[in-house]
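If you want the building blocks of each chain, they are given just below.
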Amino acid sequence: MDLLGAWRAFVNVSERGSFTEGAAATRVPQSVASRRIAALEKHLGERLFDRSSRGAMLTQFGRDMLPSAKRLVRLADDMEHEAEQARLNPLRLAVPEVCAVRDLARLAAEARQNGVYLDFLAAPPAERAELVRSREVRAALVAVPPSDATWSVRLGLAGTADLPVRTVYVETLRAGRAARSSRRSRIWIQPEDDVPHIRDRLFRVRDAVGLQPAQVGVSATLTAATAEVFGFADLLLCSPGQARELGLHWRPLGEIPLVRGFDVAAAVGDDAERIRDRLWHAIARCLGAGDQDGETA
């Protein structure tokens, strides 16, 4: 028996003095309202309406039950309203600072179509993970090794010159004897890639091919790193999408494949599952996952 539906029909019929009007107010056929009230009477063991009178006349038992029934219906209505408001509360999601405004806007719009309302907070990798742990956000797109990733974004080197080669090798930045007095080209790691599974691997390649330590460095901001690329013909470690956005020429890295890995971390597991299931493609587009364009200008 739909107990709440039966009490709602009882309240509406009693307030209007008519089974027909009460059923209409409950938005069910009169036969359904009558069956619900009859089932309720059977459940309670007493009649709520006097069937011998015209209209819907309450019995004494029905009059005694009416105040409690009204409170129950009001409480149910309040709970439904609060549930609707809770569904509309935004889910605060920490995202990489490299996500473009346009892509985040498209992600938010697609999320609303899937019943998820997002509010974004851009932050570096370590801070995103901490924001989840401290529950300052409900979820975050966290940096993880490629083997643990839900979304993967390949990285390469980008610069102002359209290089004639299809792959850039780090060892080609090693300066000869004649160039020792001049400034050597550098590779800049932006904050999003300042994580062990990217930074440390690139440092090992640097050391293995004989580059000077300063030739591969971590920049405090993407803006600062890009300024070095424009100002000194350095190279930026980045994704193909970032290179296009910055107007740089991108090539894959020769010695090792470097990949940004992302997954969802959430204070509540259901939030992480909901984001993965409903927004996989929108997040992939926002992160640049699956972008295989090897030559960007």
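One can find the structure itself at the top, above this paragraph.
Residues numbered from 1 in each chain as written. Predicted model: local features only at pLDDT ≥ 70, side-chain atom pairs only at ≥ 80, totals over all residues. Heavy atoms only, no water.

*Asks:* Any chance you could explain the overall build of the protein chain here in plain terms?
*Replies:* Along the backbone of the protein chain there are ten helices and eleven strands. For the protein chain, the C-alpha atoms occupy an extent of roughly 110 × 30 × 30 Å along the three principal directions. Long-range contacts, defined as pairs at least 24 residues apart, comprise 77% of the intrachain contacts of the protein chain with a sequence gap of at least 6. Counting only carbon and sulfur atoms, one obtains 50% of the accessible surface of the protein chain, whose full area is about 15,600 Å². On the protein chain, the mean spot of the 41 positive side-chain charges and the mean spot of the 39 negative ones are 2 Å from each other. (Helix = DSSP H or I, 4+ residues; strand = E, 2+ residues; numbered from the N terminus. Contact = heavy atoms within 4.5 Å. Areas by Shrake-Rupley, 256 points an atom, 1.4 Å probe, with all protein chains shown as cover. Lys, Arg positive; Asp, Glu negative; His and termini not counted. Charge placed at Lys NZ, Arg CZ, Asp CG, Glu CD.)

*Asks:* What am I meant to see in the pattern of salt bridges here?
*Replies:* Once their charged atoms are close, side chains differing in charge can pair, the charge on each being opposite to the other. Using the criterion set out here, one finds 16 salt bridges in the structure. We note a salt bridge from Glu130 to Arg133, for which the minimum N-O separation is 3.1 Å. Taken together, the positions of Glu130 and Arg133, both in helix H6 (residues 125–133) and three residues apart, correspond to about one turn of that helix. On the basis of relative accessible area, Glu130 is assigned to the partly exposed category, the value being 38%. Of the charged contacts in the structure, one is a salt bridge between Asp207 and Arg206, with a shortest N-O distance of 2.9 Å. Salt bridges sharing partners connect three or more residues here, namely Glu15, Arg16 and Lys70. (Salt bridge = Lys/Arg side-chain N within 4 Å of Asp/Glu carboxyl O. Buried < 20%, exposed > 50% of the residue type's maximum accessible area, 1.4 Å probe, protein only.)

*Asks:* Sorry, what's going on with helix H3 (residues 30–44) here?
*Replies:* Taking 1.5 Å as the rise per residue, H3 with 15 residues should run 21 Å; its terminal C-alpha atoms sit 21 Å apart, in good agreement. Against helix H1 (3–16), helix H2 (19–26) and strand E1 (49–50) lie the buried residues of H3. In the segment just after H3, Gly45 is the residue with positive phi, at about 80°. (Expected span 1.5 Å × (residues − 1).)

*Asks:* Can you walk me through the side chain of Arg260 in this structure?
*Replies:* One can find Arg260 in strand E11 (residues 258–266). Only 2.7 Å separates the side chain of Arg260 from the side chain of Gln242, close enough to count as a polar contact. Once you skip the residues sitting within four places of it in the chain, Arg260 turns out to touch Val98, Trp151, Ser152, Val153, Leu155, Gln190, Glu192, Asp193, Ile198, Cys238, Ser239 and Gln242. (Polar contact = N/O pair within 3.5 Å; in protein donor to acceptor, adjacent residues only side chain to side chain.)

*Asks:* Help me understand the packing of H2 against H3, please; the structure alone is not making it clear to me.
*Replies:* The relative placement of two packed helices comes down to the angle between their axes together with the axis-to-axis distance. Close contact between H2 and H3 brings their axes to 8 Å; oriented N to C, the two are set at 95°. Comparing their axes, H3 and H2 come out roughly perpendicular. Between H2 and H3, the residues in contact are Phe19, Thr20, Ala23 and Thr26 and Gln30, Ala33, Ser34, Arg36 and Ile37, respectively. Tallied by class, residues from the contact of H2 with H3 come to four nonpolar, four polar and one charged. (Axes fitted to C-alpha atoms, helices over the stretch in contact; angles between N-to-C directions. Parallel < 35°, antiparallel > 145°, perpendicular 65-115°, else oblique. Nonpolar A, V, L, I, M, F, W, Y, C, P; charged D, E, K, R; others polar.)

*Asks:* Explain the nonpolar core here, please?
*Replies:* Note on soluble globular proteins: their nonpolar side chains tend to be buried together. Counting 23 residues, the largest nonpolar core has Leu93, Leu118, Leu141, Trp151, Ile283 and Leu287 as its most contacted members. At the level of secondary structure, the elements contributing two or more residues to this core comprise strand E3 (91–95), helix H5 (101–113), strand E5 (139–144), strand E6 (151–159), E11 and helix H10 (269–287). Ranked by the residues each element gives to this core, the list is headed by H10, at eight residues. Residues within four places of Leu141 in sequence aside, it is in contact with Leu93, Ala94, Val95, Pro96, Arg128, Trp151, Phe262, Asp263, Val264, Ile283 and Leu287. (Core = buried A, V, L, I, M, F, W, Y, C linked by side-chain atoms within 4.5 Å.)

*Asks:* Would you mind going over the packing of aromatic side chains with me for this structure?
*Replies:* For any pair of aromatic rings, the description rests on two quantities: the centre-to-centre distance and the angle between the ring planes. Taken as a whole and judged by the stated rule, the model has four aromatic pairs. With a centroid separation of 6.4 Å and an interplanar angle of 35°, the aromatic rings of Trp151 and Trp280 are classed as tilted. One end of the pair, Trp151, is in strand E6; the other, Trp280, is in helix H10, and 129 residues separate them in sequence. Here Trp151 falls in the buried class, since its relative accessible area comes to 1%. Look at Trp280 and you get partly exposed, because its relative accessible area is 35%. Here the aromatic residues Trp7, Phe10, Phe19 and Phe49 are joined through ring pairs into a cluster of three or more. (Phe/Tyr/Trp six-rings, centres within 6.5 Å; stacked < 30°, edge-to-face > 60°.)

This is a description of form; function is not addressed.
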